[in-house]
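Letter by letter, the chains look like this.
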Amino acid sequence: MPITVGTLGRLHAVNQRGKDVVFSFESSELLLTPILPNVIRHTWAPTHWRLYAARVTDSYAVNCDDGSTDSVAAITETAETVRVQMGELLIEATRDPFHLRYLTADGRPFLEEIDEGGLSWSYWEYTLRYRLVAEDHF
């Protein structure tokens, strides 16, 4: 896969590294870090040395000093899917092609990548795309 254009492709492995859940791909990693029980930071880290930048460690959007991010994620894997329970959120991912869907703890979906894949890049641009309805707000 050329490093200057692409998508995440097939998920090779998933594991927990400290508080992070790490999805590993051919040329990058996607790290999910719990910030609060219902807030997760996504960090895309290309493994190609020229594109890698130092990892973000602080949140400028959320005060994280309440200690609520100390829990371990529960990871359940099958040949086709991965489910990760982090705090109040459940993340479902298909392996090939990689596709993320977010659900509340009671199983209600609230955010999902578009069918073509949410994270993609070209030489100058990085894109993260999700399905939204008129009632969604950011």
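Please refer to the structure higher up on the page.
To start, this report covers the structure provided alongside it. All residue numbers here refer to positions counted from 1 along the written sequence of the relevant chain. Totals for whole chains, interfaces and linings use every residue, but because this is a predicted model, local features are given only for residues with pLDDT of at least 70 and side-chain atom pairs only at 80 or more, for both listing and counting. Derived side-chain values reflect all non-hydrogen atoms in the structure, with water molecules and hydrogen atoms excluded from consideration.

If the charged atoms of two oppositely charged side chains come close together, the side chains can form a pair. Here, a salt bridge means any side-chain nitrogen of Lys or Arg that lies within 4 Å of a carboxyl oxygen of Asp or Glu. Going through the model one piece at a time under the given rule, you end up with six salt bridges. The partner of Glu-77 in a salt bridge is Arg-95, with the nearest N and O atoms 2.5 Å apart. With Glu-77 in strand E6 (residues 74-77) and Arg-95 in strand E8 (residues 89-95), this pair connects stretches of sequence that are 18 residues apart. Each residue is assigned to one of three classes by its accessible area relative to the maximum for its type, calculated with a 1.4 Å probe on protein chains only: buried under 20%, partly exposed between the two thresholds, exposed over 50%. Exposure remark for Glu-77: the relative accessible area of 42% places this residue in the partly exposed category. With its nearest N and O atoms 3.6 Å apart, the salt bridge here joins Arg-131 to Glu-112. With a gap of 19 residues between them, Arg-131 in strand E13 (residues 130-131) and Glu-112 in strand E10 (residues 109-113) connect regions that are remote in the sequence. Members of the salt-bridge network, linked through shared partners, are Arg-83, Glu-92 and Arg-101. Every helix listed is a DSSP run of H or I at least four residues long, and every strand listed is a run of E at least two residues long, numbered separately from the N terminus.

So, about the side chain of Arg-95. Look at Arg-95 and you get buried, because its relative accessible area is 9%. Polar contact criterion, stated in full: a pair of N or O atoms within 3.5 Å, where within protein one must be able to donate a hydrogen and the other to accept it, and residues adjacent in sequence count only if both atoms are side-chain atoms. There is a polar contact of 2.5 Å between the side chain of Arg-95 and the side chain of Glu-77. In this description, contact between two residues means that some pair of their heavy atoms is separated by no more than 4.5 Å. Setting aside residues no more than four positions away along its own chain, Arg-95 makes contact with Gly-9, Arg-10, Leu-11, Glu-77, Thr-78, Ala-79, Glu-80, Thr-81 and Val-82.

The next point concerns the sheet that holds strand E1 (residues 6-7). An order of E1-E11-E12 is seen for the three strands of this open sheet, with the pairing classed as antiparallel. Every other strand in the sheet has two partners, leaving E1 and strand E12 (126-128) as the edge strands with one partner each. Only strands that DSSP links by at least two bridges are regarded as paired with each other.

Topologically, Val-21 is positioned in strand E3 (residues 20-24). On the accessibility criterion, Val-21 (0% relative accessible area) is buried. Between the C-alpha atoms of Val-21 and Val-84, which are 63 residues apart in sequence, the distance is 8.2 Å. When near neighbours in sequence (up to four residues on either side) are disregarded, Val-21 contacts Val-14, Asn-15, Gln-16, Leu-30, Leu-31, Leu-32, Ala-73, Ile-75, Val-84 and Met-86.

This brings us to the sheet that holds strand E7 (residues 81-86). Taken together, six strands build an open sheet; the order of strands is E6-E7-E8-E9-E10-E13 and the sheet is antiparallel. Two strands lie at the open edges of the sheet, namely E6 and E13, each paired on one side alone. Direction of pairing for E7 relative to E8: antiparallel, over a ladder of six bridges. From the neighbouring strand, Thr-81 faces E8, where its bridge partner is Thr-94.

As far as function goes, none of this settles anything; it's purely spatial.
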